[in-house]
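Residues per chain, in single letters:
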Amino acid sequence: MDLPVDEWKAYVLQKWSSLPKSVQVTISTAETLGDIFLHSSSLLQPEDEIFLKSLSSSYLVGKDLNAPLFYRKEGNKKFQEKDYMGATVLYSKGISHSEPNTEDISLCYANRSTALLYLGQYKACLKDIIRAQMHGYPERLQPKMMLRKTECLVILGRLQEAVQTIRDLESNLAAKPSLAASQFHILHRNICHLKMKVQEKKNLPETLPALTMAFEDMDLKEENEHISSASSSVSLCTDPLKGRYLIATKDILPGELLVKEDAFVSVLNPGEMPPLHQGLESKWDTRVTNSDLYCHRCLKQTLATVPCDGCSHAKYCSPECKQQAWDLYHNIECSLGGLLLTLGVFCHTALRTTLLARFEDVGKVIKKLYGEIGNKDICLPDSKNLVQTLSYDMEEEREQNGKTFETPIPGCDVNGKYESNYYAILNLLPHTENHSPEHKFLCALSVSALCRQLKAAESSKLKAAVAPTWCSELTVWGVAMLKHMLQLQCNAQAITAIQQTGSKENTITHSRQARLATGIFPVVSLLNHSCSPNTSVSFISTVATIRASQHIGKGQEIHHCYGPHESRMGVAERQQRLRSQYFFDCSCAACQTEKHRTAPGPRWEAFCCNSCQAPMQVNLSPPFSSLLFQEGDAVLRCDNTSCSESISRDHLVSRLQDLRQQVGMAQKLLGDGKLEQSIELLLGCQQHAESFLSAEHSMLGEIEDDLAQAYAALGNWQESATHLQRSLRVVEVRHGPSSVEMGHELFKLAQIFFNG
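Residues numbered from 1 in each chain as written. Predicted model: local features only at pLDDT ≥ 70, side-chain atom pairs only at ≥ 80, totals over all residues. Heavy atoms only, no water.

Draft legend 1. Inspection of the overall build of the chain at higher detail. For the chain, the helix and strand inventory stands at 29 helices and 15 strands. Every one of the 756 residues in the chain was classed for burial, and the buried ones make up 50%. Restricting to contacts in the chain with at least 6 residues of sequence separation, those with at least 24 account for 65%. When the accessible surface of the chain is summed, it comes to about 37,300 Å², and 52% of that surface belongs to carbon and sulfur atoms. (Helix = DSSP H or I, 4+ residues; strand = E, 2+ residues; numbered from the N terminus. Buried < 20%, exposed > 50% of the residue type's maximum accessible area, 1.4 Å probe, protein only. Contact = heavy atoms within 4.5 Å. Areas by Shrake-Rupley, 256 points an atom, 1.4 Å probe, with all protein chains shown as cover.)

Dropping the structure here:
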């Protein structure tokens, strides 16, 4: 998803392998990104572009005029099954494939308005009715839609508009009495019913509007003068070893808002995309992905999407978002949809970042970018002349102002302020020297292919949309895109959203944190990693908020977790992941503490003694230590000094695997509605687990959670709550009392108490 599709990766790797050794060495030892890009670009052949084009063509991102009818029929089937959500999404797919101002798009909008009415989304229903009429909804079908409009207006309390709509409908019927007698009587009866509803609503006593506990998005209490989007409670520092970082300028309380930053750029992750289509049966995909449910610009969740007029892929929450996206970047991206899906989210994000850079000081930006492909003698790796150029620019400004300043921290302007802008992104490290030659070649060749398509667009229908500066400096922008693509491995931020999972018939709602988009947040990128961070991050649309998750003392560093968290994986796995993706060895307090533990793993993976229930530890005393190192099979001994129990770790692991299979069978029974059988099997699993797993083992927590769900489905709320509270103890040990996971479990417990 982040990188290009597997077929293109394999193709480029094969191309790399077939290159002469001297060419590989030239690219591998290139000192600048400009050299890497120019050498790789010269190797891109027409046959490479043809292969890439064949991969891109498998994504149906254009408008297919035969698709609206197909999706409308499929949506009607879902509607008949009372799956109004599914029907809405299918009607939206039909809208995306329809040309503006056609009967197809008007019918899809009208059908979707009906589904939205049944979903209780009355305002969205009214908007779709307006859109259907705007695109030429057939005159013969207008009466049905006007009745629907009236019903929404009545429910929303907009009675004057409802009365006027009824009058308009009656006038239309009187002017054109073309309906059959039976249809006229049905319509007349519905009008009378709506008039009664209007009267009933008028006769109701006036009531105060209901108080709603809406979540209020808080702003920063006092914004930092030197770091945009940050609280005055933090300060920016730099260190030769760990680079830039943030510290607390005062004591910070748990929950305090430290950073609130809108992404400079974000790209919606498309989710699971359809496979290559072989024929008509599989040509149009009916699966629901992120692309169908979220605005492609602001990431707002919406069922009533508004499509791009030029492609079927891009969808928005409103005409305003659609226009903003078009003006900023989609006028260029629109015809490249299939190619961008093939090249992956990182390449797409790199392109969009450079497109957004055009709206800053373009001349100055290009001057900075020229540093990537110029004189090699006066510069550092990666940002060679860029660093020199920027320093000259700053010296000029200082001399003009008649002032002298200390050299600012990278990313800061001449006055020492760090802004959330393109200049800050240019100063994020691409870690060019740490990426493998094959990876750099893949990224460079992918960007080169994209640049070729952009160049071709210059003389096509996009000519008017592509800025002259963009086209004439395409090589410079190509180097910038390569830099951004390499930066993203360490600096991309996954934008997440809470999504409901499981069957909608379940009494207890399950939710999970899902990756929604990829973004770049220049200020959030200043935070260094800790496997036990003192902050938490959350997202509202494209805005990231960083809050203190614990007390942070004055002078302490503000830490963020890059993914590997002590509550989710052991120290060895965390170290390996951080080293491979972020190119550093973590020495945070959690890693240092865990390295000195004698336990064979984290508490949620620990075994217990079958005799006394004490924890089992690795036995390093002879003769067991020789077994450990010679055969690789650790021998565990009871931590209780008065107990002599010892056992092979492999034996316990084998028992755990058998237990997982049993739990899986119980979960299948639970999913099939065989509740009593599931409970019986789960209780047996629980008893077995308690004989060799610690009370904090994640498997025991999973069993308790399944038992809670089964008892809730039977309406036995007391028993359900008891098991869920046991599960909560395991979740708290593993993820912490302030974790998102703990919040999800507490919400489930609240649902049980409410129902009980």
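That covers the picture; the talk isn't over yet.
Draft legend 2. Quick peek at the pairing of strand β11 (residues 543–548). As judged from the five bridges shared by strand β3 (residues 257–262) and β11, these two strands associate in the antiparallel manner. Within the sheet, the bridge partner assigned to Glu-261 lies in β11 and is Ala-544. As judged from the six bridges shared by strand β10 (residues 535–540) and β11, these two strands associate in the antiparallel manner. Within the sheet, the bridge partner assigned to Phe-539 lies in β11 and is Ala-544. (Pairing = 2+ DSSP bridges.)

Draft legend 3. Structural context of the packing of helix α1 (residues 6–18) against helix α4 (residues 46–56). At a minimum axis distance of 10 Å, the contact between α1 and α4 shows a crossing angle of 165°. The pairing of α1 with α4 is recorded here as roughly antiparallel in orientation. Of the two elements, α1 crosses α4, and the hand of that crossing is right-handed. Here Glu-7, Trp-8, Tyr-11 and Lys-15 of α1 come into contact with α4, specifically with Glu-47, Asp-48, Phe-51, Leu-52 and Leu-55. Tallied by class, the residues present in the contact of α1 with α4 amount to five nonpolar, no polar and four charged. (Axes fitted to C-alpha atoms, helices over the stretch in contact; angles between N-to-C directions. Parallel < 35°, antiparallel > 145°, perpendicular 65-115°, else oblique. Left-handed = near helix turned anticlockwise from the far one by under 90°. Nonpolar A, V, L, I, M, F, W, Y, C, P; charged D, E, K, R; others polar.)

Draft legend 4. Representation of the sheet that holds β10 in the model. Taking strand neighbours across the sheet as the criterion, the three strands line up as β3-β11-β10 in an open arrangement whose pairing is antiparallel. Each of the sheet's edge strands pairs with one partner strand only, and the pair in question is β3 and β10. Going across the sheet, the axis of each strand differs from the next one's by a mean of 15°, ignoring polarity.

Draft legend 5. Summary view of the pattern of salt bridges. What the rule picks out here adds up to 27 salt bridges. The salt bridge involving Glu-170 is made with Lys-195; its shortest N-O contact spans 2.7 Å. On the criterion of sequence distance, the pair formed by Glu-170 in helix α10 (residues 159–175) and Lys-195 in helix α11 (residues 181–203) is long-range, its members being 25 residues apart. Judged by relative accessible area, Glu-170 falls into the partly exposed class, the value being 31%. A salt bridge links Asp-285 to Arg-287; the shortest N-O distance between them is 3.0 Å. Judged by its relative accessible area of 18%, Asp-285 falls in the buried class. (Salt bridge = Lys/Arg side-chain N within 4 Å of Asp/Glu carboxyl O.)

Draft legend 6. Main features of the pairing of strand β2 (residues 243–248). A large share of β2 lies buried, amounting to five of its six residues. Direction of pairing for strand β1 (residues 234–239) relative to β2: antiparallel, over a ladder of six bridges. Considered in β2, the bridge of Val-234 is made with Ala-248. In this structure, the hairpin formed by β1 and β2 is closed by a connection of three residues.

Draft legend 7. Broad picture of the sheet that holds strand β15 (residues 646–648). Sheet architecture is open: three strands sit in the order β13-β14-β15, paired in antiparallel fashion. Two strands bound the open sheet, and with one partner strand each, they are β13 (616–618) and β15. Along the sheet, successive strands turn relative to each other by an average axial angle of 35°, direction set aside. Across three bridges, the pairing between strand β14 (residues 635–638) and β15 is antiparallel. The residue of β15 that forms the bridge with Leu-636 is Ile-647.

Draft legend 8. Structural view of the side chain of Ser-694. Along the chain, Ser-694 turns up in the loop between α26 (675–690) and α27 (698–713). Residues within four places of Ser-694 in sequence aside, it is in contact with Arg-603, Ala-606, Phe-607, Cys-608 and Leu-700.

Draft legend 9. View of unusual backbone geometry. Even without being glycine, His-431 reaches a positive phi, approximately 55°. Assignment of secondary structure puts His-431 in the loop between α18 (422–426) and α19 (437–458). A residue is classified by how much of its surface remains accessible, and His-431, at 19% relative accessible area, is buried.

Draft legend 10. Layout of the packing of helix α5 (residues 67–80) against helix α7 (residues 103–118). In contact at an axis separation of 10 Å, α5 and α7 are set at 20° when each is read in the N-to-C sense. Between α5 and α7, the angle is such that the two are roughly parallel. Crossing handedness for the pair α5 and α7: left-handed. Between α5, through Pro-68, Arg-72, Asn-76 and Phe-79, and α7, the contact on the second element is made entirely by Asp-104, Leu-107, Cys-108, Asn-111, Thr-114, Ala-115 and Tyr-118. Across the contact of α5 with α7, the residue classes break down as six nonpolar, three polar and two charged.

Draft legend 11. Quick look at the packing of aromatic side chains. Under the definition given, this model contains 14 aromatic pairs. Plain terms: the ring middles of Phe-79 and Tyr-118 are 5.3 Å apart, the flat faces sit at 90° to each other, and that makes the pair edge-to-face. Here Tyr-118 lies in helix α7 and Phe-79 lies in helix α5, a separation of 39 residues in the sequence. Take Phe-79: its relative accessible area is 18%, and that puts it in the buried class. An aromatic cluster of at least three residues, connected via ring pairs, comprises Trp-8, Tyr-11 and Phe-51. Sitting above the plane of the Tyr-329 ring, Arg-352 keeps its charged end 3.8 Å from the centroid. We note Arg-655 situated over the ring of Phe-692; from NZ or CZ to the ring centre the distance is 4.2 Å. (Phe/Tyr/Trp six-rings, centres within 6.5 Å; stacked < 30°, edge-to-face > 60°. Lys NZ or Arg CZ within 6 Å of the ring centre and 35° of its normal.)

Draft legend 12. View of the side chain of Thr-349. Note that Thr-349 resides in helix α15 (residues 345–357). Here the side chain of Thr-349 touches Val-345 through a polar contact of 2.7 Å, landing on its backbone oxygen. Beyond its immediate sequence surroundings of up to four residues, Thr-349 is in contact with Val-265, Val-267, Leu-488, Thr-518 and Ile-520. (Polar contact = N/O pair within 3.5 Å; in protein donor to acceptor, adjacent residues only side chain to side chain.)

Nothing here speaks to function; it is geometry throughout.
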